[in-house]
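Structural characterization, general
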Amino acid sequence: MLAPDIWLDTVTPKISIAINSMLPILHKKGYVTLVTAKKQTQTTDMLDTLKVPYKTVGEYGVTLKEKLAVEQKRTLEFLELFDKVGYPKVLWTHGDVSAIRTAFGLKIPIVYANDTVFAYAVAKLACPLVDYLVAPKCFGRSWSKFGISKSRIIHYDGLEELAYIGVEFEKPSCLKDFAKQKKPFILFRDAEYQAVYCKNVKVNSEKLLKELAKLGTVICLPRYEEERAKLENISNVWVPPEPVLTAQLLEHIDLMVGSGGTACRETALWGIPTINFHFWDAQAQYLYKKGFPIQISRKNSHIIAEAKKILANPQKMDIKQELNKLESPIPVWTKYIESSLQNKNIM
């Protein structure tokens, strides 16, 4: 077995999809890759769905004490893995502290892709240690407040979701049953409320979900597996019985109501009317200014009023021209991965 040239670490479903888009490019260039994933249902299910080979390393904690403990343990598990498969020459990751600390300790160059500047705890711990931080242009130089020099912040004029927008994914069998549901179709994604940065979400999402279900069929993609039983008991709410990507649903969706993350950007980039109820982040502002159909609201009453207005005449916006003006991050990620390989300095 050849030692890996490039180590790619994922802790979220979105980054699993991005890695799936990157791997063919890296393999075509002749690089040996190693994908690691933190044990979490949506992340590992996504890799399984996409048939991406990976090694499970570490798990998630809920309390602050648990989060700290599992991060320390994950570092040791990386060392055990590398002793078996070989030490990589460069790390590409997105927001996981333990992977970055491990690479830094081993003098492995780090290419850090990130689009969650609001995750202060992670940014404070990660930014000072990385060689390059590749981020959307809409964030400006805001990352430098976390201890990384401006010269190491690389921008591109786009969003991370463009790494896989337009890619066709095989549809799971459960979508055949979905087609029998009552139209219109509303996609719903709750806030990632177990994350530290989501503690102050104001919207009563359970009440909002029940109100939306009166307007049509709500397809709910739960954040956490323990939510499933409660959601399945709500009338007109459909929870896919197997992993489903937002991309596999886009052609059916009339409206997206979500918490401000990946799914909202994916739908807006597809021209689907989108209501973001978490926070007015830089990326939502960026898409809004670029002419994509996304808006923000933190009040249930306003969200329902807007939903009724949109669903009275549901239409997708033709966004081809706007989309063609945006930049995919994959060429930028690849460029700095290769640059780091040329300047490797590991044990």
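Residues numbered from 1 in each chain as written. Predicted model: local features only at pLDDT ≥ 70, side-chain atom pairs only at ≥ 80, totals over all residues. Heavy atoms only, no water.

Quick word on the overall build of the protein
What counts, and what does not: In DSSP terms, a helix is any run of H or I states spanning at least four residues, a strand is any run of E spanning at least two, and both are numbered starting from the N terminus. In this setup the radius of gyration rests on C-alpha atoms only. A globule is expected at 2.2 Å times the number of residues raised to 0.38. Buried means the residue's accessible area, taken with a 1.4 Å probe over protein chains only, is under 20% of the maximum for its type, while exposed means over 50%, and partly exposed covers the values in between. Throughout, a residue-residue contact means that at least one pair of heavy atoms, one from each residue, lies within 4.5 Å. Surface exposure here means Shrake-Rupley accessible area, sampled with a 1.4 Å probe, where a residue is shielded only by the protein chains that are shown.
Counting its regular elements, the protein contains 14 helices and 13 strands. Taking 2.2 N^0.38 as the reference for a compact globule, 347 residues should give roughly 20 Å; the C-alpha atoms of the protein span a radius of gyration of 20 Å, in line with that estimate. In terms of overall dimensions, the protein has a C-alpha envelope of 60 × 40 × 40 Å along the principal axes. For the protein, the proportion of its 347 residues judged to be buried stands at 54%. Taking as baseline every contact in the protein between residues at least 6 positions apart, the subset at least 24 positions apart corresponds to 61%. Counting only carbon and sulfur atoms, one obtains 52% of the accessible surface of the protein, whose full area is about 16,000 Å².

Quick notes on helix H4 (residues 97-105)
Residue pairs spaced three or four apart in an α-helix point in one direction, given the helix's 3.6 residues per turn. For H4, the set of buried residues is Val97, Ser98, Ala99, Ile100, Thr102 and Ala103. Close packing links the buried residues of H4 with strand S1 (6-10), helix H3 (64-85), strand S4 (90-93), strand S5 (110-113) and helix H5 (120-126). Trailing H4 by a residue or two, Lys107 shows a phi angle of about 60°, which is positive.

Regarding the pattern of salt bridges
Rule in force here: A pairing counts as a salt bridge when a side-chain nitrogen of Lys or Arg comes within 4 Å of a carboxyl oxygen of Asp or Glu.
Considering all chains together, one arrives at 14 salt bridges under this definition. Between Lys14 and Glu160 there is a salt bridge, with its nearest N and O atoms 2.9 Å apart. One end of the pair, Lys14, is in helix H1 (residues 13-28); the other, Glu160, is in the loop between strand S7 (153-156) and helix H6 (175-178), and 146 residues separate them in sequence. Of the residues examined, Lys14 reaches a relative accessible area of 9% and is grouped as buried. Overall, Glu160 belongs to the buried group, its relative accessible area being 1%. Here Lys38 ties to Asp96 by a salt bridge, and the two come within 3.1 Å at their closest N and O atoms. Of this pair, Lys38 sits in strand S2 (residues 33-39) while Asp96 sits in the loop between S4 and H4; the two residues are 58 residues apart in sequence, bridging distant segments of the chain.

Let's talk about the environment of Glu168
Here Glu168 lies in the loop between S7 and H6. Separated by 79 residues in sequence, Glu168 and Ala247 have C-alpha atoms that sit 7.8 Å apart.

Focus: the sheet that holds strand S12 (residues 274-276)
Which entries qualify depends on this criterion: Here, any two strands with at least 2 DSSP bridges between them count as paired.
On the basis of which strands lie adjacent, the open sheet formed by 6 strands has the order S10-S9-S8-S11-S12-S13 and parallel pairing. Edge strands, defined here as strands with exactly one partner in the open sheet, are strand S10 (237-238) and strand S13 (294-296). Of the pairings in the sheet, the one linking strand S11 (residues 255-258) to S12 comprises 3 bridges and is parallel in character. Bridged to Gly258 within S12 is Asn276.

Thoughts on the sheet that holds S4
Stated formally: Angles here are taken between N-to-C directions and fall from 0 to 180 degrees, while the axes themselves are lines fitted to C-alpha atoms, restricted in helices to the stretch in contact.
Ordered by their spatial adjacency, 7 strands build an open sheet running S3-S2-S1-S4-S5-S6-S7, and the pairing between neighbours is parallel. The open sheet is flanked by strand S3 (55-59) and S7, the only strands paired with a single partner. Adjacent strand axes in the sheet meet at a mean angle of 20° when their direction is disregarded. Two elements, S2 and S3, share 3 bridges in a ladder whose sense is parallel. Note that in S3 the partner of Thr36 across the bridge is Lys55.

Notes on the nonpolar core
Operational definition: Note on terminology: a nonpolar core comprises buried Ala, Val, Leu, Ile, Met, Phe, Trp, Tyr and Cys residues joined through side-chain atoms within 4.5 Å.
Ranked by internal contacts, the top residues of the largest apolar core, which has 33 residues, are Leu8, Trp92, Val111, Trp333 and Ile337. Per element, the largest residue contribution to this core is 7 residues, and it comes from H1. Those residues in contact with Trp92, other than ones at most four positions away along the chain, are Trp7, Leu8, Asp9, Ile15, Ile19, Met22, Val111, Ala113, Trp333 and Ile337. One finds Phe78, Ile100, Cys127 and Phe146 within the second-largest nonpolar core, a separate group that totals 28 residues.

Observations regarding the packing of aromatic side chains
The cut-off we apply is this: Two rings from Phe, Tyr or Trp (for Trp, the six-membered ring) form a pair when their centres sit within 6.5 Å of each other. Planes less than 30 degrees apart are called stacked, planes more than 60 degrees apart edge-to-face, and all others tilted.
On inspection of all chains with the given rule, the structure shows 10 aromatic pairs. Judged by centre distance (6.5 Å) and plane angle (55°), the ring pair of Trp143 and Phe146 falls under tilted. The class for Trp143 is buried, based on a relative accessible area of 0%. Between the aromatic rings of Phe188 and Phe277, the centroid separation amounts to 5.9 Å while the plane-to-plane angle is 25°, which identifies the pairing as stacked. Residue Phe188 is located in strand S8 (residues 185-189), and its partner Phe277 is located in the loop between S12 and helix H11 (282-289); the two are separated by 89 residues in the primary sequence. Phe277 matches Phe188 in its accessibility class, with the two residues each being buried.

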